[in-house]
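# Architecture at a glance
Letter by letter, the chains look like this.
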Amino acid sequence: MNDDVASHRTAWLVAIVVALLVAGTLTLPLLRDAAPTRSLQGIVVSSGTVSISSLRGGGTREAVKIRLADGREIIASVSAGGPYAAGDPVQVLEKGGFPGGASYEAIGRQVVE
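Residues numbered from 1 in each chain as written. Predicted model: local features only at pLDDT ≥ 70, side-chain atom pairs only at ≥ 80, totals over all residues. Heavy atoms only, no water.

## What about the side chain of E94?
We count it as follows: Where helices and strands are cited, they refer to DSSP runs of H or I of at least four residues and of E of at least two residues respectively, numbered from the N terminus. What qualifies as a polar contact is a pair of N or O atoms within 3.5 Å, subject to a donor-acceptor requirement within protein and to the restriction that residues adjacent in sequence count only when both atoms come from side chains. Any two residues having at least one pair of non-hydrogen atoms within 4.5 Å are treated as being in contact.
Positionally, E94 belongs in strand 4 (residues 89–96). A distance of 2.5 Å separates the side chain of E94 from the side chain of R38, its partner in a polar contact. At a separation of 2.9 Å, a polar atom in the side chain of E94 contacts the side chain of Y104. When residues no more than four places from it in sequence are discounted, the contact partners of E94 are P36, T37, R38, L40, R72, A102, S103 and Y104.

## Some details on a nonpolar patch on the surface
Applicable threshold: Patch membership requires more than 30% relative accessible area and the absence of a salt bridge. Residues of like charge join within 9 Å; the nonpolar side chains Val, Leu, Ile, Met, Phe, Trp and Tyr join within 5 Å. Reported accessibility uses the Shrake-Rupley method at a 1.4 Å probe radius. Residues are deemed covered only where the shown protein chains occlude them. Every case where a carboxyl oxygen of Asp or Glu lies within 4 Å of a side-chain nitrogen of Lys or Arg is listed as a salt bridge. The buried label goes to any residue with under 20% of its type's maximum accessible area, the exposed label to any with over 50%, and the partly exposed label to all in between, with areas taken from a 1.4 Å probe on protein chains only.
A surface patch of nonpolar side chains, about 360 Å² in accessible area, is lined by V14, V18, V22 and L26. Within the secondary structure layout, L26 lies in helix 1 (residues 2–34). We classify L26 as exposed; its relative accessible area is 58%.

## Section: the pairing of strand 3 (residues 73–78)
We apply this condition: Pairing between two strands requires that DSSP report at least two bridges joining them.
In strand 3, alternate side chains face the same way, and those of I74, A76 and V78 are buried while those of E73, I75 and S77 on the opposite face are not. As paired elements, strand 3 and strand 5 (residues 102–109) share two bridges and run parallel to each other. Considered in strand 5, the bridge of V78 is made with A106.

## Here we look at the pairing of strand 5
Pairing of strand 4 with strand 5, which is carried by seven bridges, proceeds in the antiparallel orientation. When the sheet's bridge partners are listed, V92 is paired in strand 5 with A106.

## Things to note about the nonpolar core
For clarity, the threshold we go by: Nine residue types can take part in a nonpolar core, namely buried Ala, Val, Leu, Ile, Met, Phe, Trp, Tyr and Cys, and a core is a set of them joined through side-chain atoms within 4.5 Å.
Of all hydrophobic cores here, the largest spans 13 residues; its most connected members are V64, I66, I74, Y84 and V92. For this core, the elements supplying multiple residues, two or more each, are strand 1 (38–51), strand 2 (60–68), strand 3, strand 4 and strand 5. Filtering out sequence-adjacent residues up to four positions away, Y84 remains in contact with V44, S47, E62, V64, V78, V90, A106, I107, G108 and R109.

## As for the environment of P83
Note on placement: P83 falls in the loop between strand 3 and strand 4. Remark: the alpha-carbon pair of P83 and E62, spanning 21 residues in sequence, is separated by 7.4 Å. Ignoring sequence-local partners within four residues, the contact set of P83 consists of E62 and R109.

## Quick word on the pattern of salt bridges
All chains considered together, the criterion is met by six salt bridges. We note a salt bridge from R38 to E94, for which the minimum N-O separation is 2.5 Å. In this pair, R38 is assigned in strand 1 and E94 in strand 4, connecting sequence segments 56 residues apart. Among the salt bridges present, the one from E105 reaches K95, with a minimum N-O distance of 2.7 Å. Of this pair, E105 sits in strand 5 while K95 sits in strand 4, and the two are 10 residues apart along the sequence. Through salt bridges that share partners, R38, D70, R72 and E94 make up one connected network.

Here's what the structure looks like:
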């Protein structure tokens, strides 16, 4: 009888843990998408290509190292306005932030007045 109660408790505990894992797996992407997208400005420190094997058929994509106005240095993929050279002022989109950290995209040259 004691074994039946213990196995019943164990089965319930396993079911609860599995339910929490499934709920967390489904919720985290929604939280990441809910994070605000911000527009930032910065200066290109360096640029180059990155080999991306996950693209269909492989390929390369330009990436730039940017010093943001707040002093942080980030790596951004180039989605528009490239190629960039060191010293170019750029506009950057910061997307997400939770749980995997923010991603950055260089979207164009910033007009300097």
